[in-house]
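Residues per chain are reported as follows:
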Amino acid sequence: MTQHEALDILRTGANVFLTGEPGSGKTHTVNAYIRWLRERGIEPAVTASTGIAATHVHGMTIHSWSGIGVRRTLTKDDLAQIAGNSKVRRRVGKTRVLIIDEISMLDGRTLGMIDAVCRAVRGGMRPFGGIQAVFVGDFFQLPPVTEEGTSAEFAFASSAWRAASPVVCYLTEQHRQDDRKFISVLSAIRSRNVTEAERTLINARVGTHTAAVFGIPKLFTHNVDVDRMNTEELAKLPGAPRTFRMSERGPKPLVEALRRGCLSPEMLVVKQNAVVMFTKNHPAGRFVNGTLGTVSGFDAHSGYPIVKTRDNAVISAEPMEWTIEEGGRTRATVVQVPLRLAWAITVHKSQGMSMDAAVVNLADSFEFGQGYVAFSRVRTFAGLHLMGYNERALEVHPEVLARDREFREASEATQAEFARMSQEQRIETQRSFVRAAGGKPITTVMKKETARAAGEQHRALRDAQGGDAAFARIREGHPNAYRPWRAEEDARLRERFGERANVAGLAQEFGRNRGAIRSRLKKLGLVKE
């Protein structure tokens, strides 16, 4: 299924399980859906199963959102207490769309508790209280974390999942890897069918770490190995360390959640020539979460680190914000330089990253999916450098493998069924969902916004430039300067920005100056203020 087809299905308001291999565009698709909802005045609840994943989506953990916290079970008294909490009642009561990212790491029993809270708050017996539930993730990735001595229950095995009966949208395009040999190895691991041919390819990457380029991070399965290596390597560098402390604002519980989930540490300590990794996506695409580099120096005025990336780009690493958003407003924020030491990182923390290269030690793999996650972080086979691996590194969970076949078949059936719907039927279904969710038709929203923006621009120009003659002068260089933005232009701007087109190129393409492009990107929620 393509991203466009999945997005069309999401817009109908059906419960959906959005899945696919790493690099298939799950995050891109769900972000496009979030934008679509907000354009129509519908604010989704954006959550994730872990703190790290929650920071990636500017949301909160599903545990915090639902009010269940760290509970492993839910008694009747617990449910009554949570449902009686005014914040939870307000939050759950006004939600029309609930998105849960990294669903693979959410235990099925926890999903049942979330369902129970939604039903208790909203009343009735509909799954999740009638909220559209959107589950996003890949069950071949890391499984749920459980207490010692207890076995994990995948979310798809829970009664809440069965009751929600999500439509499966299995994305099949590949946007991260284009190395055919590498894709064949990943597919073999995913299908639990690693033959001698794939094993020979994997073995050829063992030992290549000794010749790997300096600055490539090592992926370990245990935190203790990561902390030890980063500390030792930083200590070897000459010169005085520079320290950058995190700042924050907002309620303490939310700030603490952001701190735990932020990949940049509360106290970042670096030196010149330190190996670092960017921990956040730059709004204009200058770097992404996982971009590697070394600290080449420090800005003479601001003091912030200057990073030379592996493709020789030189970037001043200025502080960025990690936020928790709810109901269309920012509830909590932490601010830090978006870097971390990157001589080493855990496989767990690498989930969600896209890396040019990595040195991977899987000799002590202990969990299904660890090898698959580590391998799939890297874009090309040439960028994978293995120190070693055990048999568990090449294994995926047998229960997931069996269920994956069902997911693929269900997705194909959905794709065929949806293709039989006429365009008019699809549009009417989507309009009905928007009305039921309390949203507004896009034409109403865009007309109001366009008229207001046009008036503001016209008045501002007249005041600053002295009349209509200024339009002619400015439009000699920017033909569309101060013209109202049309809905189709906004759609094209979103698409081109999603393709990582830079601001200068967008300004030329749209016939506007760079400031206008930046302003519109902010207005559309594509970049932060």
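Residues numbered from 1 in each chain as written. Predicted model: local features only at pLDDT ≥ 70, side-chain atom pairs only at ≥ 80, totals over all residues. Heavy atoms only, no water.

A. Seen up close, unusual backbone geometry. For E102, which is not glycine, the phi torsion reads 50 degrees and is therefore positive. Along the chain, E102 falls in the loop between β4 (97–101) and α7 (108–122). What makes E102 buried here is its relative accessible area of 14%. Phi angles above zero are rare outside glycine, and N273 is one such case at about 80 degrees. Looking at the element boundaries, N273 is found in the loop between β10 (267–270) and β11 (275–278). On the basis of relative accessibility, which here comes to 42%, the residue N273 falls in the partly exposed class. (Helix = DSSP H or I, 4+ residues; strand = E, 2+ residues; numbered from the N terminus. Buried < 20%, exposed > 50% of the residue type's maximum accessible area, 1.4 Å probe, protein only.)

B. Here's a closer look at the sheet that holds strand β17 (residues 339–341). Pairing is antiparallel across the open sheet formed by five strands, whose spatial order is β14-β13-β12-β11-β17. Unpaired on one side and paired on the other, β14 (314–316) and β17 mark the two borders of the sheet. Taking the axes of each pair of neighbouring strands and ignoring which way they run, one obtains an average angle of 45 degrees across the sheet. Direction of pairing for β11 relative to β17: antiparallel, over a ladder of three bridges. Its bridge partner lying in β17, M277 is registered against R340. (Pairing = 2+ DSSP bridges. Axes fitted to C-alpha atoms, helices over the stretch in contact; angles between N-to-C directions.)

C. Highlighting the packing of helix α9 (residues 180–190) against helix α10 (residues 196–203). At a closest axis distance of 10 Å, the pairing of α9 and α10 adopts a crossing angle of 120 degrees. When the interaxial angle is binned, α9 and α10 end up oblique. Judged by the sense of rotation from one axis to the other, the crossing of α9 with α10 is left-handed. Residues K181, S184, V185 and A188 of α9 lie in contact with α10, whose contacting residues are E198, L201 and I202. (Parallel < 35°, antiparallel > 145°, perpendicular 65-115°, else oblique. Left-handed = near helix turned anticlockwise from the far one by under 90°. Contact = heavy atoms within 4.5 Å.)

D. Layout of a positive patch on the surface. On the surface, a cluster of positive charge is made up of K87, R90, K94 and R329. If one sorts the elements of the positive patch by residue count, helix α6 (residues 86–94) sits on top with three residues. Looking at the secondary structure, you find R90 in helix α6. (Patch = residues over 30% accessible without salt bridge, like charges linked within 9 Å, V, L, I, M, F, W, Y side chains within 5 Å. Areas by Shrake-Rupley, 256 points an atom, 1.4 Å probe, with all protein chains shown as cover. Salt bridge = Lys/Arg side-chain N within 4 Å of Asp/Glu carboxyl O. Lys, Arg positive; Asp, Glu negative; His and termini not counted. Charge placed at Lys NZ, Arg CZ, Asp CG, Glu CD.)

E. Examining the nonpolar core more closely. Core analysis: the biggest nonpolar cluster contains 100 residues, and F128, F139, W161 and F375 have the highest contact counts within it. No other element matches α7, which puts six residues into this core. Core analysis: the next-biggest nonpolar cluster, separate from the first, contains 29 residues, M1, L10, V97 and F418 among them. (Core = buried A, V, L, I, M, F, W, Y, C linked by side-chain atoms within 4.5 Å.)

F. Inspection of α7 at higher detail. Compared with the 21 Å implied by 1.5 Å per residue over 15 residues, the 21 Å span of α7 between its first and last C-alpha is a close match. Listed in full, the buried residues belonging to α7 are G108, T110, L111, M113, I114, D115, V117, C118, R119 and V121. Where α7 is buried, its residues touch α4 (62–66), α5 (76–83), α6, β4, β5 (132–136) and α8 (159–164). Just beyond α7, the residue with positive phi is G123, at close to 80 degrees. (Expected span 1.5 Å × (residues − 1).)

G. Layout of the packing of helix α2 (residues 26–39) against helix α16 (residues 423–436). Two numbers describe how α2 lies on α16: the axes approach to 11 Å, and their chain directions differ by 65 degrees. For the crossing formed where α2 meets α16, the hand is right-handed. Contact residues: Y33, W36 and L37 in α2; Q430, F433 and V434 in α16. Across the contact of α2 with α16, the residue classes break down as five nonpolar, one polar and no charged. (Nonpolar A, V, L, I, M, F, W, Y, C, P; charged D, E, K, R; others polar.)

H. Highlighting the confidence of the model for the protein chain. Of all residues in the protein chain, 85% attain a pLDDT of 70 or more, and the chain-wide mean is 82. A low-confidence stretch, residues 460–468 stays under pLDDT 50, and its non-local contacts, those more than four residues away or across chains, total 10 contacts. (pLDDT = per-residue confidence, 0-100.)

I. Inspection of the packing of aromatic side chains at higher detail. On inspection of all chains with the given rule, the structure shows 16 aromatic pairs. Seen in terms of ring centroids, F17 and F139 are 5.5 Å apart; in terms of plane orientation they differ by 55 degrees. Their pairing is tilted. In this pair, F17 is assigned in strand β1 (residues 16–20) and F139 in the loop between β5 and α8, connecting sequence segments 122 residues apart. F139 shares its class with F17; the two are buried. Look at F17 and W161: their rings are 5.0 Å apart centre to centre, the planes differ by 70 degrees, and that puts the pair in the edge-to-face class. Of the two residues, F17 is situated in strand β1 and W161 in helix α8; the sequence distance between them amounts to 144 residues. Per residue, the accessibility class of F17 equals that of W161, and both read buried. (Phe/Tyr/Trp six-rings, centres within 6.5 Å; stacked < 30°, edge-to-face > 60°.)

J. Representation of the sheet that holds strand β19 (residues 358–362) within the structure. Strand order in the open sheet formed by four strands is β18-β7-β19-β20, and the pairing between neighbours is parallel. Sheet topology places β18 (344–346) and β20 (384–389) at the edges, where each strand pairs with a single neighbour. For this sheet the average axis-to-axis angle between neighbouring strands, irrespective of direction, equals 25 degrees. Two elements, strand β7 (residues 218–220) and β19, share two bridges in a ladder whose sense is parallel. Paired with K218 across the bridge in β19 is V359. Contacts from helix α11 (residues 223–236) reach β7 and β18 within the one sheet, and its direction differs from that of β18 by about 160 degrees.

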